[in-house]
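Fold and contact review
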Amino acid sequence: MIPEKFYFLRHGESINNKNGLVNGWTDCALTIKGLQQAKKAAEVLKNYKIERIVTSDLMRAIETANEVAKMHEKLKVETFKGLRERNWGEYENKSRETLPNLFINPLQGESWTEYFQRVENTLSNINLNENVLIVGHAGTMRVLNIILGYGDKSSRIPNSTPIEINLRNQNPLNFLK
C-alpha cells in the first residue's frame, strides 16, 4: 500500500547517464558529479522527517541512499531487487538514442507490463509507511505516477532531485530544494 505522504529520490548521475547509455540492470557507480548530487540531496532531506529508506539494489541507487542515511544516523538502507530499473535487454549499455520508446518490449528484457507489475508488487509487499524515502530510478517514478493516477509525467525527472509526495495536497508532487 502506498502511504499518503512519502519521499522519492532518483539516484545521482551514473557513469552510463553521463555517457548517454541505457542503464537498466547494468550495475554502474555514480560519477563524481552524481556523488555531489547525492550529497546535495542528502543536505536537503536532512530537514525532513524520514523514518525509513528503501532502495533498489543497484549500486547507483545504494550509493545515493547511503548519502541520505548519513544525515539520518539511525536509519539503515534497505535494498529490494524489485525496485530495480527496468531490464532493457538488448538495449543495455547502448546509446539512449537507439531506444525507440519507453514502452517497447526489448528482446531478453522486460516488457513495460512486466516491469510495472514487478515494481507495483514490490511496493505493496514492503510495508511502506509515512515518511519513507524511496530511492530509485526514473522508471520507478513513472510507475509511481501511474499508480497514483498522474499518468507518465516523470519520464525525465532530474538525477538526485528529492520529491515529497503528499496525497493530501491539491498539488501532491513537491520538488524539494
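One can find the structure itself at the top, above this paragraph.
Described below are features of the structure shown in this document. (Residues numbered from 1 in each chain as written. Predicted model: local features only at pLDDT ≥ 70, side-chain atom pairs only at ≥ 80, totals over all residues. Heavy atoms only, no water.)

1. What about the overall build of the protein chain?
- When helices and strands are tallied, the protein chain shows five helices and six strands.
- In the protein chain, the succession of helices and strands from N to C terminus is β-α-α-β-α-β-α-β-α-β-β.
- Over its C-alpha trace the protein chain gives a radius of gyration of 15 Å, about what one expects of a compact globule, namely 16 Å for 177 residues.
- With the principal axes as the frame, the protein chain shows a C-alpha extent of 40 × 35 × 25 Å.
- A buried classification covers 55% of the 177 residues belonging to the protein chain.
- Across the protein chain, every contact between residues at least 6 apart in sequence was considered, and the portion connecting residues at least 24 apart equals 69%.
- By element, 48% of the accessible surface of the protein chain is carried by carbon and sulfur atoms, the whole surface being about 8,600 Å². (Helix = DSSP H or I, 4+ residues; strand = E, 2+ residues; numbered from the N terminus. Rg over C-alpha atoms; globule rule 2.2 N^0.38 Å. Buried < 20%, exposed > 50% of the residue type's maximum accessible area, 1.4 Å probe, protein only. Contact = heavy atoms within 4.5 Å. Areas by Shrake-Rupley, 256 points an atom, 1.4 Å probe, with all protein chains shown as cover.)

2. Some details on the pairing of strand E3 (residues 77-80)
- When strand E2 (residues 52-56) meets E3, the two strands line up parallel, connected through four bridges. Bridge pairing in E3 links Thr55 to Thr79. (Pairing = 2+ DSSP bridges.)

3. A few points about the sheet that holds E3
- Strand order in this open sheet of six strands is E3-E2-E4-E1-E5-E6, and the pairing throughout is mixed. Edge positions in the sheet fall to E3 and strand E6 (173-175), since each of these pairs with one other strand and no more. With direction set aside, neighbouring strand axes in the sheet form an average angle of 25°.
- Its contacts with the sheet put helix H5 (residues 138-147) on strand E1 (5-10), strand E4 (132-136), strand E5 (163-166) and E6, and the angle it makes with E1 is roughly 150°. (Axes fitted to C-alpha atoms, helices over the stretch in contact; angles between N-to-C directions.)

4. Some thoughts on unusual backbone geometry
- With phi around 65°, Asn93 is a residue other than glycine that occupies positive phi space.
- On the secondary structure map, Asn93 appears in the loop between E3 and helix H4 (112-125).
- The phi dihedral of Gln108 falls on the positive side, at around 60°, and the residue is not glycine.
- Within the fold, Gln108 resides in the loop between E3 and H4.
- By relative accessible area, which is 74% here, Gln108 ends up exposed.

5. What to know about the pattern of salt bridges
- One pass over the full model with this rule turns up eight salt bridges.
- Notably, a salt bridge pairs Lys46 with Glu43, separated by 3.0 Å at the nearest N-O pair.
- By relative accessible area, Lys46 is classed as partly exposed at 39%.
- Look at Glu43 and you get partly exposed, because its relative accessible area is 37%. (Salt bridge = Lys/Arg side-chain N within 4 Å of Asp/Glu carboxyl O.)

6. Here we look at the side chain of Thr55
- Positionally, Thr55 belongs in strand E2.
- Those residues in contact with Thr55 that lie beyond four places of it in its chain are Ala61, Ile62, Ala65, Val77, Glu78, Thr79, Phe80, Leu83 and Val135.

7. Points about H5
- Counting buried residues along H5, eight of its ten residues qualify, which places the element largely inside the surrounding structure.
- Those residues of H5 that fall on the buried side of the exposure criterion are Ala138, Gly139, Thr140, Met141, Arg142, Val143, Leu144 and Asn145.
- Buried positions along H5 lie against E1, H4, E4, E5 and E6.
- Phi turns positive one or two residues past the end of H5, at Gly149, with a value near 90°.

8. What about the packing of aromatic side chains?
- Overall, the coordinates contain four aromatic pairs when judged by the stated rule.
- With centroids separated by 6.1 Å and ring planes inclined at 50°, the aromatic side chains of Trp112 and Phe116 adopt a geometry described as tilted. Within this pair, Trp112 and its partner Phe116 are both found in helix H4, separated by four residues, close to a single helical turn.
- For Trp112, a relative accessible area of 15% corresponds to the buried category.
- The structure contains a cluster of three or more aromatic residues connected by ring pairs, namely Phe103, Trp112, Tyr115 and Phe116.
- The lysine or arginine in question, Arg86, covers the ring of Trp88, its NZ or CZ lying 4.2 Å from the ring centre. (Phe/Tyr/Trp six-rings, centres within 6.5 Å; stacked < 30°, edge-to-face > 60°. Lys NZ or Arg CZ within 6 Å of the ring centre and 35° of its normal.)

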